[in-house]
Each structure stands twice: as C-alpha cells, then as structure tokens.
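# Topology and contacts: notes
So you can see what is in the structure, the chains are spelled out below.
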Amino acid sequence: MKSIVVDILDKAVDELDKNQIEEILEQPPKPELGDYAFPCFRLAKVMRKAPNMIAADIYEKVCQDERVADTFDKVETNGAYVNFFTNKSIFAKSVIEKSKSDNYGSSDLGKGKTICIDYSSPNVAKNFHVGHLRTTVIGNSLYKIYSKLGFNVERINHLGDWGTQFGKLIVAYKNWGSEEEVKAKGIEELMRLYVLFHDEADKNPELEDDARAWFHKMELGDEEALSIWKWFFDISLEEFKRTYKLMGMEFDHYTGESFYRDKTDDVVKELTEKGLLTESEGAKIVDLSEYDMAPCLILKKDGSSIYATRDIAAVEYRKKTYNFEKCLYVTGQEQKLHFAQVFKVMELLGNDWAKDGLVHIPYGLVSLAGEKLSTRGGNVIYAEDILKEAISKIKEIIEEKNPDLSHEQKEEAARIVGVGAVIFNDLYNQRIKDVSFKWEHITSFEGETGPYVQYTYARCSSILRNVNDFDINGEIDYSLLSDASSSELMKEINRFEDIIKEAADRYEPSVVARYAVDLAQAFNRFYTENRIAVDEKDVRDARCTLTYITRRILRDSLDLLGIGCVEQM
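Residues numbered from 1 in each chain as written. Predicted model: local features only at pLDDT ≥ 70, side-chain atom pairs only at ≥ 80, totals over all residues. Heavy atoms only, no water.

### Focus on the overall build of the protein chain
Helix and strand content of the protein chain: 24 helices and 12 strands. Principal-axis analysis of the C-alpha atoms places the extent of the protein chain at approximately 85 × 65 × 40 Å. The buried share among the 569 residues of the protein chain stands at 53%. Within the protein chain, residue pairs in contact and separated by at least 24 positions form 73% of the contacts whose partners lie at least 6 positions apart. When the accessible surface of the protein chain is split by element, carbon and sulfur atoms take 45% of a total near 26,200 Å². The average position of the 75 basic charges and that of the 100 acidic charges among the side chains of the protein chain differ by 1 Å. (Helix = DSSP H or I, 4+ residues; strand = E, 2+ residues; numbered from the N terminus. Buried < 20%, exposed > 50% of the residue type's maximum accessible area, 1.4 Å probe, protein only. Contact = heavy atoms within 4.5 Å. Areas by Shrake-Rupley, 256 points an atom, 1.4 Å probe, with all protein chains shown as cover. Lys, Arg positive; Asp, Glu negative; His and termini not counted. Charge placed at Lys NZ, Arg CZ, Asp CG, Glu CD.)

### Things to note about the layout of surface pockets
Taken as a whole, the largest pocket holds about 980 Å³ of empty space. When residues of the lining of the largest pocket are traced back to their parent elements, those giving at least two are α7 (132-148), α8 (164-176), α14 (307-322), β9 (326-332) and α15 (336-348). Among the elements that take part in the lining of the largest pocket, β9 stands out by supplying 4 residues, more than any other. Around the second largest pocket, the lining comprises 25 residues; the ones closest to its centre are Lys2, Gln27, Asn494, Arg495 and Asp498. Elements supplying a minimum of two residues to the lining of the second largest pocket: α1 (2-12), α6 (88-99), α21 (484-494) and α22 (496-506). (1 Å grid on protein atoms, 1.4 Å probe; cavity = no way out; pocket = protein on both sides within 12 Å on 5 of 7 lines; lining within 4 Å. Points joined across faces, edges and corners; volume = space filled by probe spheres on them.)

### Structural notes on the sheet that holds strand β2 (residues 72-78)
Two modes of strand pairing occur in sheets, parallel and antiparallel, and in both the strands are linked by backbone hydrogen bonds. The 3 strands lie next to each other as β1-β3-β2, forming an open sheet whose pairing is antiparallel. For this open sheet the edge positions go to β1 (36-39) and β2, each flanked by a neighbour on one side alone. The mean inter-strand angle of the sheet, taken between neighbouring strand axes irrespective of direction, is 15°. Summarising the sheet, β1 and strand β3 (residues 81-86) pair through 4 bridges and their orientation is antiparallel. Within β3, the position partnered with Ala37 by the bridge is Asn83. With respect to the sheet, helix α4 (residues 51-63) is in contact with β1, β2 and β3, its orientation differing from that of β2 by roughly 160°. (Pairing = 2+ DSSP bridges. Axes fitted to C-alpha atoms, helices over the stretch in contact; angles between N-to-C directions.)

### Observations concerning a negative patch on the surface
A contiguous patch of negative charge on the surface is contributed by Asp477, Asp535, Glu536 and Asp538. Tracing the backbone shows Asp477 in the loop between α20 (450-465) and α21. On the basis of relative accessible area, Asp477 is assigned to the partly exposed category, the value being 34%. (Patch = residues over 30% accessible without salt bridge, like charges linked within 9 Å, V, L, I, M, F, W, Y side chains within 5 Å. Salt bridge = Lys/Arg side-chain N within 4 Å of Asp/Glu carboxyl O.)

### Observations concerning the nonpolar core
Phe38, Ile58 and Phe424 are the most contacted members of the largest nonpolar core, which totals 157 residues. For this core, the element with the most residues is helix α12 (residues 223-247), which contributes 12 residues. Once residues within four sequence positions are removed from consideration, Phe424 is found in contact with Glu448, Thr449, Gly450, Val453, Ala513, Ala516, Val517, Leu558, Leu561 and Ile563. In terms of nonpolar packing, the next biggest core, distinct from the first, is built from 32 residues, Leu288, Leu299, Val345 and Met346 among them. (Core = buried A, V, L, I, M, F, W, Y, C linked by side-chain atoms within 4.5 Å.)

### Brief notes about the pattern of salt bridges
A complete count under the given rule lists 39 salt bridges for this structure. One salt bridge connects Lys18 with Asp7, and the closest N-O pair in it is separated by 2.9 Å. Here Lys18, found in helix α2 (residues 18-24), pairs with Asp7, found in helix α1; they are 11 residues apart in sequence, far enough to count as distant. You can call Lys18 partly exposed: its relative accessible area is 38%. Here the residues in one salt-bridge network are Asp7, Lys11, Lys18, Asp65 and Arg67, joined through shared partners.

### Some points on the sheet that holds strand β7 (residues 283-286)
In spatial order, the strands read β6-β7-β8; together these 3 strands make up an open sheet with antiparallel pairing. Looking at which strands have only one partner, the edges of the open sheet turn out to be β6 (277-280) and β8 (296-299). With direction set aside, neighbouring strand axes in the sheet form an average angle of 45°. Of the strand pairs in this sheet, β6 and β7 are connected by 4 bridges, and their pairing is antiparallel. Bridge pairing in β7 links Ser280 to Ala283.

### Comments concerning the packing of aromatic side chains
By convention here, two paired aromatic rings are described through the distance between centres and the angle between planes. Scanning the model with the defined rule gives 29 aromatic pairs in all. Arranged with centres 5.4 Å apart and planes meeting at 55°, the rings of Phe72 and Phe84 form a pair that is tilted. Here Phe72, found in strand β2, pairs with Phe84, found in strand β3; they are 12 residues apart in sequence, far enough to count as distant. Taken as a pair, Phe72 and Phe84 share a single burial class, namely buried. Considering the side-chain rings of Trp229 and Phe233, the 5.8 Å spacing of their centres and the 40° angle between planes classify their relative orientation as tilted. Of this pair, Trp229 and Phe233 are both found in helix α12, 4 residues apart, which corresponds to roughly one turn of the helix. Here the two residues Trp229 and Phe233 agree in accessibility, since each one is buried. What links up through ring pairs into an aromatic cluster is the set Tyr119, Phe128, Phe240, Tyr244, Phe251 and Tyr254. For the cation-ring pair, Lys74 lies above Phe85, with the distance from its terminal atom to the ring centre recorded as 4.5 Å. (Phe/Tyr/Trp six-rings, centres within 6.5 Å; stacked < 30°, edge-to-face > 60°. Lys NZ or Arg CZ within 6 Å of the ring centre and 35° of its normal.)

Structural data, given as structure tokens:
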C-alpha cells in the first residue's frame, strides 16, 4: 500500500523523486487522520507557495489517478498534509497475505556479506558481574537482527585474558593461595587473591615489579607462567559459559587477547615500516595529536604489548579471516577514545575500509536503584545472581496466578520469563542511556515489560488452542477486518520489516523492544473489542488469522532480543 501511495505521489510531485517522497511520507498518529500523510513543508521553498496551497494542488493531481478510487476510501487535505485513507479490505488483504509467511521479516539484504560482532568479553579470573549484562544482551540481539537480514554473523567473545593483571594474580597465588582453595571456589577465590595483591602491594611496592616480571615471562612463553594462566583461564570460561547457558546464548569464537599475542610483532613491524611508530619516554606510540587525540600506546617501556596493540592485531586478523563488511564493538562508552585511536591507526595504515567498516557501539551504565540484591560477598553483584533472583520472583507470581500448571511447567516458564524480564528491561532502553534495575517494574506483567509481551504471546496461544477448526491457509473475508482495532493491529504487523532494518541501521535493539510492546498493546485492544471464538466461522477465521500472525511476530520480535516464549504461564 505504501508503494502505491509513493507511486501516485511521484506522478503528482515533480520536485521530488520516489526515494525522497518515501523518506518524508508519514504514518499519522491518529487513525482519523488517515493511514499515510504527505507533508508539503519541504516544497514551500522550491515552489514559493504556502504549504497548505501546495497540498491543495497535489490533492487535485492525486485525485485524477485512476488507482485512487480502487485503493482508497478517500484522500483529503488537512492543512499542509495530503492524507490517504486506505480501503480497509484491500489493506487487510495486502498485510495478511505477506505476513502469513513464516519468513515474514527475513531478508537477503546481507546475502554474501559478513559482520563480526565483538561483545560480552569479560575479564578472565574476574566474576561475570551485572555490568557485563549490557554488552552481552546488546551484542546477542544485534547478532539476531543481522542474521534475520541475511548477513553471516561471526559472534566473537574477546575475553580479557592477557595483561599485567595475570602477573599480579600469579604472584598472589604463589604467595597466599592454594590449589585446593582455587579448585573449590573458582573465580571467587581468584578475585580474593587479586584484591589481596593490591592490599599487600600498597605496603610492599616491590610486588608490582614481581607482577610485571611474571607477565613478561608469559609473553616470553615461560612454561610455568603459561600453565598457571591457562588453569585460571579454564576455570573462568567454565563459569562464564554457565551464565551464557542460563541466558540461552552461544559464541562462535572465544578468541581473547591472548589469541593475538603472537601477532603483535607484525603490528609493530608494519607501524615501523610505515613511519608511524615513535618513541616517548621509552615507550612506543603512534602520535595522534593531529587528530586531537592522545597518543596510541603500542609497546610499554619493557617491550610488553598493550591491549591497543592486540586490538589492532585482532582487526587485521578478522579482516583477513572473515573479510567482514563491518566489525562492531559493543563496549561501554568509557572506551570511546580507545576505539577511536585504534580505528584511526588502522586508517593511517592505509586501510580505506576502516572508516566505515569499524564501528564502536557504546552503551550507558547499569544502576541498581537502591535495591538490595543477593551477592557473594563484597559489593560486586554477579549477573548469575540477578538472573536467578528474577527467575525466583517470576516463579512466585506464576504459582499465585496459575497454580494448576505442573511443577515442570512452572520451572520452565519462570526461567524463560525471568531471564527474559532482565534482558527486556535492558534492551527497552536506548543503549546509550543508563539502565536501572527496579524489581517491581522488571517483573511486572503490566506495562512496557518483557513479561507483558510474553503474556500476550501466551494469550494468543491459548486462543488458538481453543479453536479446533482454524486453518491459517484457509480463505478469509477481509471485509470482516475493517473495524478500527483490527486496522490498527494490522498497521503494527505491517511495520515489522521496516523495524528490523531500522534496528540494524541504528545498531539499536530498543527499536525492536518498543515495537514488541506496541504490537502487544495493539493486539490486546483488538482482543478487548473483538470476541474471537464466535459462532460465525467466517468471523472466527478472520480474527484467528490476525491472532496467529500476531503470535508469530511477537515470538520473532522476542527472539530478535534473545528472549524465549512460553505457551502457558
């Protein structure tokens, strides 16, 4: 329908091409203003007329097009707008016929193209805390969105598994740790040792020299140093994977900083050959003052690499290995300068693709809104504890609302809805904004929440289970879907394809999350105003068709956010 409107306007407006017309065509905020509105403000300068006069002229031309009578109930002007009111039966047919397909929303836009997404990336030997949730859920959602558009996506977990901090940890383990305690307590014990090192180093600064010496041994390939480091790595990865499993997430590659340690020499050599590397107080840097940036540190005084060196090596490896169209980095906005430096160095090395192909996707902080949450000691809150607490709270609600469910059904529903509630709370916010955890909001089945959307999906499932003779491929009378709430629901269904593309273009999962709420609200209005299980089969079939399509798009929308659905709750 939109393409018909654009085509009709293209013939009536000489001053704009089709792409420009499509760009400014609007969907009015109220149904009484039509289904599509063409604003004429932009033409005022060119045509030297008042916008309302231009709208009147365009209206006259539009009405001469023979397709108008067949496609629209009416066309009218409203001030500076030309408003189109689609024929509800034709609109219903066009929306339902395209959205009935299981592939609705999918695209081959990214066919033959690869996108790398670097996200989650917790630090080895440190707990996976609540702050890691943002990068993890945003990155996972972007993976789903780009996959839906046909891109091949490489999910990369760039673990923080190299650096001087491991020298510190080895010193702490050798001085105050034991194999039995590390095996028994895992990351919790490694964290204790790491904190203890800093406490002791305040009293004995020579410990810092010992730590640097042990990391230097790691860089030189010392067998004992690497053996202890690998042990810490394996313990950490096992705990990380447990959290990922709880969230239903996987990665294609766990290639952390250590993976690139044998590739940094080539980076240094290339920078030297191209005259980009200079010495500063014994260290090696790339001077970026010309670009109003601090220097990019490449080698420390002792010759050890730093994370910028390894990030440059990672970019070159990924480009060579995957030939990516884009490489996305989902990290906190505090790393903005770091990535600006790395990307600029890649440009200075003569990589023209770096300017558009390397993208930092920052996000805001997580706050706990004064809530008291369970921890494992100290003031650090584990992501796993947040998720388990959400599951527990949702389980209490389900047991109260639907005690007839079996124990297994309650457990499964609580896990899916609880984890989904935390993820949705994060992704509903624009990523650059800070996220606040308030349990009374996160776990609510009302309002703009994950449980609300999941409950709407379950309601759709319940309706369809109770209708035995419905066939999604059967013939329906589209004129039976001409009421206002049905039309508004179909408008939301019609937006799904554009929503996915917008979310990808903006690297913004919140576009999908907010759409899921809009769709759920539109369905619940439709459900309130239209009884579905009526005796008249033609009416029942038409309304069940809308319910079926809504249910599937709710499922697909939640899946794009990395959230599951349950049939009953």
